[in-house]
Amino acid sequence: MAELYIGLMSGTSVDGIDAGLIDFSHSKPKLIAFECTAFPNALKEKIKQLSSHHALLLKDYGALDCQLGHVFADAVNQLLKKSGIAASEIIAIGSHGQTLFHEPNNSRPFSLQIGDPNIIVEKTNITTVADFRRRDIAANGQGAPLAPAFHQAVFTSLNQSSCVVNIGGIANITLKSNQQLIAFDTGVGNTLMDYWCQKHLNKAYDDHGNWAKSGAVIPKLLQLFKQADYFQLPAPKSTGKEYFSTQWLENHLTDFSDCNANDIQATLCQLTAESIADAIQNTRQDIDELLICGGGVHNHYLLSLLTGFGYQVNSTKTVGIHPDHVEAIAFAWLAKQTINHNTGNLPDVTGANRAVILGGIYPKTNPKPSY
Ligand SMILES: Nc1ncnc2c1ncn2[C@@H]1O[C@H](COP(=O)(O)OP(=O)(O)O)[C@@H](O)[C@H]1O
Ligand SMILES: [Mg+2]
């Protein structure tokens, strides 16, 4: 019998919402349908504004929480329509939510993902699991990254010489060391390259990294970027756009105002590649293969830079999951863990003091409301 879940993911890139419908009844997760819905520009701007100006008005926060709840629910209903599968057949939705804030190292740590799950369950009539990160934080963890438990469970062929590299807005790595898993955020992924591209080319991202490729790395600027404390921190660690913010970038550029914009893009791309390679090297594991997922897989220039560090660079497709689908499937899997009362965090990875059941469950009401 099928074991169907839906995963919803919208990451720090704020590009849109990934929705995947997955059957977990086989030995490997089987993707039934997938849909990526781009956020309309006005919504994108609102999210970016609220996540970068932290002194936001409560009513703006509430309005966005509500709007995103509707957008996420619509994405689910669209996915069901496309696949021809009834809502009643889905066990649960795992909704990551849109991160507005992630600061696990504060004296009062917290991470905030919004997109009201009450609206999702009410509009879809599917039990919804959301707010995955805060239980791990309550157990003294970073609340991130959470996908590594899924990587471990599904990439069973992952051997000690391969490393999963997810390049979203922020990048994170997962690798095996004996029976233990090492996984953490390496730092910048796509967000700063996206910002720079939007600012100078008025495009959401640097298609295939061609603009970066047209420039030359500015060694002094790269060196300055790499002095960021985050790169020196030991794991467990996680980061977000609060740290690697557009302001962080602009501050570093004060003495480089004469430089060409494409040279700065080349330097940012090099920073993403080099911080990933450095992080892997610092684990002292003998890694020779990178398995890439996340939108960064489409940045061919970035991949060529990673190849330049001596790695064989493949996508996660070679181990059974399309690189664009990994994160959505991971949150469907995390919902399944929660529904089955299984833990979802890995204390070695997040630094939590124990493994816990993640998220809040918003149960559906039977029968389906008639309105
Ligand atoms: N054709 C492409 N060329 C270069 N970069 C791309 C391309 N397609 C997507 N990307 C990058 O991938 C990002 C989205 O990646 P994603 O994994 O969805 O990140 P997140 O999880 O943060 O939402 C985009 O913002 C962009 O930077
Ligand atoms: Mg995305």
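Residues numbered from 1 in each chain as written. Chains lettered and ligands numbered in written order. Predicted model: local features only at pLDDT ≥ 70, side-chain atom pairs only at ≥ 80, totals over all residues.

### As for helix 1 (residues 41–52)
Item 1. An ideal rise of 1.5 Å per residue puts 16 Å on twelve residues; helix 1 measures up with 16 Å between its terminal C-alpha atoms.
Item 2. Buried within helix 1 are the following residues: Ile 47, Leu 50 and Ser 51. Down the axis of helix 1, the buried side of the element spans an arc of 95°, and every buried residue falls inside it. Relative to its buried face, helix 1 has exposed residues pointing more than 90 degrees away, namely Asn 41, Ala 42, Glu 45 and Gln 49. (Helix = DSSP H or I, 4+ residues; strand = E, 2+ residues; numbered from the N terminus. Expected span 1.5 Å × (residues − 1). Buried ≥ 20, exposed ≤ 12 C-beta atoms within 10 Å, placed from the backbone. Arc of directions from axis to C-beta.)

### Considering the pairing of strand 1 (residues 4–9)
Item 1. A large share of strand 1 lies buried, amounting to six of its six residues.
Item 2. Judged by which residues are buried, strand 1 turns out to be covered on both faces: Leu 4, Ile 6 and Leu 8 on one side and Tyr 5, Gly 7 and Met 9 on the other are all buried.
Item 3. Between the antiparallel neighbours strand 1 and strand 2 (residues 16–23) lie six residues, among them Val 14 with a positive phi of about 55°.
Item 4. Of the pairings in the sheet, the one linking strand 1 to strand 4 (residues 90–95) comprises five bridges and is parallel in character. (Pairing = 2+ DSSP bridges.)

### Structural notes on the environment of Val 356
Item 1. Tracing the sequence through the fold places Val 356 in the loop between helix 14 (347–350) and strand 13 (360–362).
Item 2. Put simply, Val 356 and Cys 66 are 290 residues apart on the chain and 28 Å apart in space, counted from C-alpha to C-alpha.
Item 3. Every residue in contact with Val 356, bar those within four places of it in the chain, is listed here: Arg 135, Asp 136, Ala 139, Thr 343 and Asn 345. (Contact = placed C-beta atoms within 7 Å.)

### Observations regarding the domain arrangement of the chain
Item 1. In terms of domains, the chain is made up of domain 1 (4–144 + 328–362) and domain 2 (156–319).
Item 2. Counting residues per element, the side of domain 1 that touches domain 2 draws most heavily on strand 5 (residues 98–103), at four residues.
Item 3. In terms of residue class, the side of domain 1 that touches domain 2 is built from five nonpolar, ten polar and three charged. (Domains from an automatic or database assignment. Nonpolar A, V, L, I, M, F, W, Y, C, P; charged D, E, K, R; others polar.)

### Let's talk about the site of ligand 1
Item 1. In the neighbourhood of ligand 1, 19 residues make up the surrounding shell, with Gly 11, Gly 168, Gly 169, Asn 190 and Gly 295 lying closest.
Item 2. When the residues that make up the shell around ligand 1 are grouped by side-chain class, the tally is one nonpolar, 13 polar and five charged.
Item 3. The two domains that each donate at least three residues to the shell around ligand 1 are domain 1 (4–144 + 328–362) and domain 2 (156–319). (Near = placed C-beta within 6 Å.)

### Overview of the sheet that holds strand 7 (residues 128–130)
Item 1. Read across the open sheet, the six strands follow the order 3-2-1-4-7-13; overall the sheet is mixed. The sheet is open, and its two edges are formed by strand 3 (30–38) and strand 13, each paired on a single side. Shown here is a sheet whose adjacent strand axes are inclined to one another by a mean of 20°, direction ignored.
Item 2. Strand direction decides the pairing type here: strand 1 and strand 2, joined by six bridges, are antiparallel. Within strand 2, the residue paired with Met 9 across the bridge is Asp 18.
Item 3. Contacting strand 1, strand 2, strand 3 and strand 4, helix 2 (residues 58–83) crosses the sheet at an angle of about 135° to strand 3.
Item 4. Where helix 13 (residues 326–339) meets the sheet, it contacts strand 1, strand 2, strand 3, strand 4, strand 7 and strand 13, and its direction lies at approximately 125° from that of strand 1. (Axes fitted to C-alpha atoms, helices over the stretch in contact; angles between N-to-C directions.)

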